[in-house]
Amino acid sequence: MKYAVISDIHGNYPALKAVLQDAENQEISHFIFAGDYCISGPWPDECIAEIRSIKEKHVIRGNEEKYLENLIGKDQSLWTDGQMQISYWCYKNISSDHLDYLLGLPHKDEFESNGITIHVAHSSMDFLGTYPFYTWNSVTVAERNRQPYSDPGAILADMKKEMDQDSSFKEAVDKLERGIYIFGHSHVQSSYMDRDKGIYLINPGSCGLPLDGIRGNVPYTILEISDEGQVSIEEKRVPFDKERYINEVMLTSQFKEANIWSRVIFREQITALEHMYFFLAFVEQYSKDIGDFRRPYCLETWERAFELWDQKLEDQKLK
Ligand SMILES: [Fe+2]
């Protein structure tokens with residue numbers, strides 16, 4: 001049995017289409033989706049319709065779905081802040097049928113394939129506890145390296161070192177029962193195999209918003225289980241034109257109504273590195289500095305902070 005494992009699409013329909021086409025070229029007809037279908041990219045409806053049209057699939061919820069769930073029944077006249085614009089836009093634009101579908105998805109899934117148990121959840125925390133969540137995470141690795149906007153490849157090298165050498169990672173893995181564990185959330189593609197113990201970890205990375213420093217393509221992972229139960233894992237990268245994607249996003253209402261969020265995401269798309277986390281830290285500091293303690297951040301503070309942050313990055317580039 002051959003599966004395409006896909007996660008963290010985040011409303012990036014062209015990326016989803018590219019990955020599905022690649023999977024089709026490999027004659028894959030079974031799919032596993034590990035959560036986060038919307039927010040950040042402007043095509044949530046298209047993504048969900050595409051997923052729903054697939055016959056053989058396992059689909060679970062991610063954390064972004066919760067942001068939409070939290071908005072149900074709220075007074076929209078109060079939605080005037082800057083920070084939440086992206087969630088408001090998505091909530092207002094997603095069809096109610098698709099929203100119901102998303103919110104009806106399970107948080108976890110477990111099924112058998114050729115005698116092997118496959119577990120699916122959005123976060124590695126569900127299987128491995130807090131330790132690997134914090135290390136298998138682009139933000140933490142980037143922060144630790146103290147070079148968040150440079151050195152593509154450092155994230156993967158750092159992760160590989162931890163998987164090979166860190167005893168607490170090994171301890172967490174040793175607690176697992178035999179099987180395949182699939183999760184997303186960190187937006188960093190990775191996999192781990194211990195054939196002797198029969199334990200396999202798969203994070204297919206983010207199809208719609210990769211943050212592993214690898215530019216110009218989007219990831220998914222092929223999982224194959226032979227009739228005899230032999231497991232093979234292939235990490236795929238599919239060419240994807242991010243400049244073109246950004247130009248398309250700029251024509252959407254999301255770009256107008258959640259402009260700052262969209263532009264921070266553009267920087268993530270181009271560099272394939274975390275920026276939102278650093279921007280949010282910048283806004284927090286800026287708002288404290290000017291004595292604005294409203295949360296979520298008001299539109300004026302949100303926009304002014306972005307101007308300063310964006311200029312800072314441009315200045316750094318010039319040096
Ligand atoms: Fe995500």
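If you're wondering where the values come from, they're calculated on a predicted model, not measured in any experiment. (Residues numbered from 1 in each chain as written. Predicted model: local features only at pLDDT ≥ 70, side-chain atom pairs only at ≥ 80, totals over all residues.)

*Asks:* Residue-level account of the overall build of the protein chain, with values.
*Replies:* Regarding its fold elements, the protein chain presents 15 helices and ten strands. On the principal axes, the C-alpha backbone points of the protein chain span a range of 60 × 45 × 35 Å. Relative to its full complement of 319 residues, the protein chain shows a buried share of 39%. Restricting the contact set of the protein chain to residue pairs at least 6 apart, pairs at least 24 apart contribute 69%. (Helix = DSSP H or I, 4+ residues; strand = E, 2+ residues; numbered from the N terminus. Buried ≥ 20, exposed ≤ 12 C-beta atoms within 10 Å, placed from the backbone. Contact = placed C-beta atoms within 7 Å.)

*Asks:* Account for unusual backbone geometry, with residues named and values stated.
*Replies:* With an omega dihedral of -5°, the bond running from Arg295 to Pro296 counts as a cis peptide bond. At Asp8, a position not held by glycine, the phi torsion is positive, near 50°. By the secondary structure assignment, Asp8 is in the loop between strand S1 (2-6) and helix H1 (13-25). Overall, Asp8 belongs to the buried group, with 30 C-beta atoms counted inside 10 Å.

*Asks:* Would you mind going over helix H4 (residues 85-93) in detail, with residue names and values included?
*Replies:* What H4 keeps buried is the set Gln85, Ile86, Ser87, Trp89, Cys90 and Tyr91. If you follow the buried residues of H4, they end up packed against helix H2 (44-53), helix H3 (64-69), helix H12 (253-257) and helix H13 (259-271).

*Asks:* Which residues make up the sheet that holds S1, and what values go with them?
*Replies:* One open sheet accounts for five strands, arranged S3-S2-S1-S9-S10; its pairing is mixed. The strands lining the two open edges of the sheet, one partner per strand, are strand S3 (56-59) and strand S10 (231-239). With strand direction ignored, the average angle separating the axes of adjacent strands in the sheet is 25°. As paired elements, S1 and strand S2 (residues 30-33) share four bridges and run parallel to each other. (Pairing = 2+ DSSP bridges. Axes fitted to C-alpha atoms, helices over the stretch in contact; angles between N-to-C directions.)

*Asks:* Which residues make up the nonpolar core, and what are the values?
*Replies:* Among the nonpolar cores identified, the biggest contains 72 residues, and Val5, Ile6, Val19, Cys47 and Ile182 are the most heavily contacted of them. With seven residues, the top contributor of residues to this core is H1. No fewer than three residues from each of domain 1 (2-239) and domain 2 (242-318) sit in this core. What Ile6 contacts, discounting residues up to four positions off in sequence, is Val19, Phe31, Phe33, Pro204, Cys207 and Tyr220. (Core = buried A, V, L, I, M, F, W, Y, C linked by C-beta atoms within 7 Å. Domains from an automatic or database assignment.)

*Asks:* Kindly report on helix H11 (residues 242-249), identifying the contributing residues and their values.
*Replies:* Along H11, the residues that are buried comprise Lys242, Tyr245 and Val249. Here the buried residues of H11 occupy an arc of 55° about the axis, which is enough to place them on one side. The outward face of H11, more than 90 degrees from its buried face, is lined by the exposed residues Glu243, Arg244 and Asn247. For H11, the secondary structure elements touched by its buried residues are H1, H12 and H13. (Arc of directions from axis to C-beta.)

*Asks:* Describe the sheet that holds strand S8 (residues 199-204), naming the residues involved and giving the relevant values.
*Replies:* Read from one edge of the open sheet, five strands run S4-S5-S6-S8-S7, paired in mixed fashion. Only two strands of the sheet have a single partner each, and these edge strands are strand S4 (108-113) and strand S7 (189-194). Strand-to-strand, the axes of this sheet are offset by a mean angle of 15°, without reference to chain direction.

*Asks:* Help me get a handle on the packing of H2 against helix H5 (residues 96-103), residues and values and all.
*Replies:* It is the contact of H2 with H5, at a shortest axis distance of 10 Å, that shows an interaxial angle of 60°. Our classification of the angle between H2 and H5 gives oblique. Along this stretch, H2 crosses H5, giving a crossing that reads as left-handed. Where H2 approaches H5, its residues Pro44, Asp45, Ile48 and Arg52 are matched on the opposing element by His98, Tyr101 and Leu102. A class-by-class count of the residues in the contact of H2 with H5 yields four nonpolar, one polar and two charged. (Parallel < 35°, antiparallel > 145°, perpendicular 65-115°, else oblique. Left-handed = near helix turned anticlockwise from the far one by under 90°. Nonpolar A, V, L, I, M, F, W, Y, C, P; charged D, E, K, R; others polar.)

*Asks:* Requested: an account of the domain arrangement of the protein chain, with residues and values cited.
*Replies:* The domains assigned to the protein chain are domain 1 (2-239) and domain 2 (242-318). Between the C-alpha centres of domain 1 and domain 2 there is a distance of 24 Å. With 24 residues of domain 1 at the interface, the matching set in domain 2 holds 23 residues. At the level of elements, H4 and helix H8 (138-145) are the ones that each hand at least two residues to the side of domain 1 that touches domain 2. Across the side of domain 1 that touches domain 2, the residue classes tally to 14 nonpolar, seven polar and three charged.

*Asks:* Describe in detail the pairing of S3, supporting the description with residues and values.
*Replies:* Bridging between S2 and S3 involves four bridges; their strand directions are parallel. Note on S3: the bridge partner recorded for Phe33 is Val59. Note on the crossover from S2 through H2 to S3: the handedness is right-handed. (Right-handed = clockwise from strand over helix to strand, strands pointing away.)

*Asks:* Pulling in residues and values, what's your account of the packing of H11 against H13?
*Replies:* Relative placement of two packed helices is described by the angle separating their axes and the distance separating the axes. Where H11 contacts H13, the axes come no closer than 10 Å and their chain directions differ by 170°. By the angle between their directions, the pair H11 and H13 is classed as roughly antiparallel. Along its contact with H11, which presents Lys242, Tyr245, Ile246 and Val249, the element H13 presents Ser262, Phe266, Gln269 and Ile270. Residue classes in the contact of H11 with H13 are distributed as five nonpolar, two polar and one charged.

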